Amino acid sequence: MTRVIPESTSSPAGTPPAPKRPLPVSRADTFTESVIREMTRLALKHGAVNLAQGFPDFPCPDELKSAAGEAIDADVNQYAITWGSKELREEIVKRVKTYNGMAFDPETGITVTCGSTEAMLASLLAVITPGEEVIVPEPFYENYGPDAILSGAAPRYVPLGDDLSIDEESWKSAFSKKTKAIILNTPNNPSGKVFSKKELSFIADLCLDYNVIAVTDEIYEHILYDGHKHVSIGSLDGMQDRTITIGSFSKTYSVTGWRVGYALADPDLTNRIRKIHDFLTVGAPAPLQQACAAALRLPASYYRELAADYDKRRKILYNGLREAGFACELPEGAYYIFTDISESGKTDVEFARHLIEKAGVAAVPGSSFYHDGGETKLRFTFSKKTETLQEACRRLENAF
Ligand code: GLN
């Protein structure tokens, strides 16, 4: 969790900065701004191809655009019900039943949020009493660190092996009476790991033994390769009433800026999440909720094509990175390639700066995904048009 490249803060020549009393300390001082978002600003500044922040540069499906336009034309402009429009909740619950194998009552088991980002923070705020421990498998999506801090949790990081395997003994020893929750993310950002049913069963047993709640971020659930299958830990025996399953429209339908996500949980947990959500944001954008309900009516072929298109993009970037000298593996899911740059002799931050300024490609320094470490890694996204990826690969030829 490092800040990448500090912007200049010097004042114009000749005007010495006015002395300023330091502000009293704040919890906001205990973490840095998002490195991922910062890399996007730097990419724009340097005219670099942005393979840092995970968002598509291609359009979303026409069905979503017309549904959003129709909603605005029909004056769906005021607040939806705070926990989500009835239509959207019903469509999500239907899809979750068939795709994830979990049953929820749309009236009591779901909260529509401003993206999965809000869903994760609202869930942790709903679950954690300050001081309790939250297990965070490492590497992790960078938001989880600040999310844990903001909710008052003490994060306990559990590393995945170099081959992304689970070392059962170290996971067992991380769980204790102090553990309140575990944050899972499958398919995983940044590693691309798709947790198997066997691994999730092992984690579920620990949650049951230690009375732990699983908060699981499954926003890449439809972006899977090579026959990998998505399993929701909440669908495993005994987990239904101790799991908060977080989903989103951002990645599946290429609408990251719409900010519509959701948290599914049993009624007691949902009550708490809804209260927090209400005071955080009141609700997600109403016309876009209507368009997201339309998204859920897309045919099954949409999801097959989504995964097949991402598979092609995955291979273009993978080949480009390998040819340029990056050590990497093909991810099992999601849309990132997590590379090893040890060969370069540079740190992740140095290498990211070099790439953006000299090669014109932005990536995310690996240390953003570790509480301590990750300096030999760099993350690239392939959520971009083929032409964008080809241009990035051409630029990467002189990366080392
Ligand atoms: N999840 C995406 C990523 O990891 C986008 C993050 C964000 O900025 N919301 O890049």
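This text goes with the structure placed above it.
The text that follows walks through the structure, step by step, so that each part is easy to find.

**Remarks on the overall build of the protein chain**
Stage number 1. Regarding its fold elements, the protein chain presents 12 helices and 12 strands.
Stage number 2. The principal-axis extent of the C-alpha atoms belonging to the protein chain is close to 60 × 50 × 50 Å.
Stage number 3. Counting the 400 residues in the protein chain, one finds 56% classified as buried.
Stage number 4. Within the protein chain, counting contacts between residues at least 6 apart in sequence, those at least 24 apart form 77% of the total.
Stage number 5. Looking at the protein chain as shown, the accessible area adds up to about 17,900 Å², and 53% of this sits on carbon and sulfur atoms.
Stage number 6. Computing the positive centroid from 44 side-chain charges and the negative centroid from 54, the protein chain places the two 2 Å apart.

**With respect to the sheet that holds strand 9 (residues 336-340)**
Stage number 1. Read across the sheet, three strands follow the order 9-12-11 without closing on themselves; strand pairing throughout is antiparallel. On the outer flanks of this sheet lie strand 9 and strand 11 (364-365), each paired with one strand and no other.
Stage number 2. Along the sheet, helix 11 (residues 348-359) contacts strand 11 and strand 12 (377-381); its crossing angle with strand 12, the most-contacted strand, is approximately 45°.

**Focus: the sheet that holds strand 5 (residues 179-185)**
Stage number 1. Reading across from one edge, 2-8-7-6-5-3-4 is the order of the seven strands in this open sheet, with mixed pairing throughout. Two strands close off the open sheet at either side, each with one partner strand: strand 2 (110-113) and strand 4 (154-159). Across this sheet, the average inter-strand angle for adjacent strands is 20°, counted without regard to direction.
Stage number 2. Relative to strand 7 (residues 243-248), strand 6 (residues 213-217) runs parallel, the two being bridged by four bridges. Pairing of Asp217 across the sheet is with Ile246, part of strand 7.
Stage number 3. Set on the sheet, helix 3 (residues 86-99) makes contact with strand 2 and strand 8 (261-264); between it and strand 2 the angle comes to about 115°.
Stage number 4. Lying over the sheet, helix 4 (residues 115-127) contacts strand 2, strand 5, strand 6, strand 7 and strand 8, oriented at roughly 165° with respect to strand 7.

**A few points about the site of the ligand**
Stage number 1. Inspection of the region around the ligand gives Ile36, Arg37, Gln53, Gly54, Tyr141, Asn189, Tyr220, Lys251, Tyr336 and Arg379 as its neighbouring residues.
Stage number 2. Side-chain polar atom of Gln53 to an oxygen atom of the ligand: 2.6 Å apart, as the coordinates give it.
Stage number 3. Relative to its unbound accessible area of 290 Å², the ligand is 88% covered by the protein chains.
Stage number 4. Class assignment for the residues of the shell around the ligand results in four nonpolar, three polar and three charged.

**Section: helix 9 (residues 286-295)**
Stage number 1. In terms of burial, helix 9 is a largely internal element, nine of the 10 residues being buried.
Stage number 2. In this fold, the buried residues of helix 9 make contact with helix 2 (62-73), helix 3, strand 2 and helix 10 (300-324).

**Remarks on the environment of Ile72**
Stage number 1. Mapping Ile72 onto the fold places it in helix 2.
Stage number 2. For Ile72, a relative accessible area of 46% puts it in the partly exposed group.
Stage number 3. As for Ile72 and Asp167, which are separated by 95 residues in sequence, their C-alpha atoms are 51 Å apart.
Stage number 4. The residues touching Ile72, leaving out its near neighbours within four places in the chain, are Asn77 and Pro287.

**Some remarks on the pairing of strand 6**
Stage number 1. Of all five residues making up strand 6, five are buried, and the element is well covered by its neighbours.
Stage number 2. Judged by which residues are buried, strand 6 turns out to be covered on both faces: Ile213, Val215 and Asp217 on one side and Ala214 and Thr216 on the other are all buried.
Stage number 3. Pairing analysis gives five bridges linking strand 5 to strand 6, with the strands arranged parallel. Each bridged residue has a counterpart across the sheet, and for Ile183 the counterpart in strand 6 is Val215.
Stage number 4. For the handedness criterion, the β-α-β arrangement of strand 5, helix 7 (residues 197-210) and strand 6 is classed as right-handed.

What counts and what doesn't
Residues numbered from 1 in each chain as written. Predicted model: local features only at pLDDT ≥ 70, side-chain atom pairs only at ≥ 80, totals over all residues. Heavy atoms only, no water. Helix = DSSP H or I, 4+ residues; strand = E, 2+ residues; numbered from the N terminus. Buried < 20%, exposed > 50% of the residue type's maximum accessible area, 1.4 Å probe, protein only. Contact = heavy atoms within 4.5 Å. Areas by Shrake-Rupley, 256 points an atom, 1.4 Å probe, with all protein chains shown as cover. Lys, Arg positive; Asp, Glu negative; His and termini not counted. Charge placed at Lys NZ, Arg CZ, Asp CG, Glu CD. Pairing = 2+ DSSP bridges. Axes fitted to C-alpha atoms, helices over the stretch in contact; angles between N-to-C directions. Near = heavy atom within 4 Å. Polar contact = N/O pair within 3.5 Å; in protein donor to acceptor, adjacent residues only side chain to side chain. Nonpolar A, V, L, I, M, F, W, Y, C, P; charged D, E, K, R; others polar. Right-handed = clockwise from strand over helix to strand, strands pointing away.

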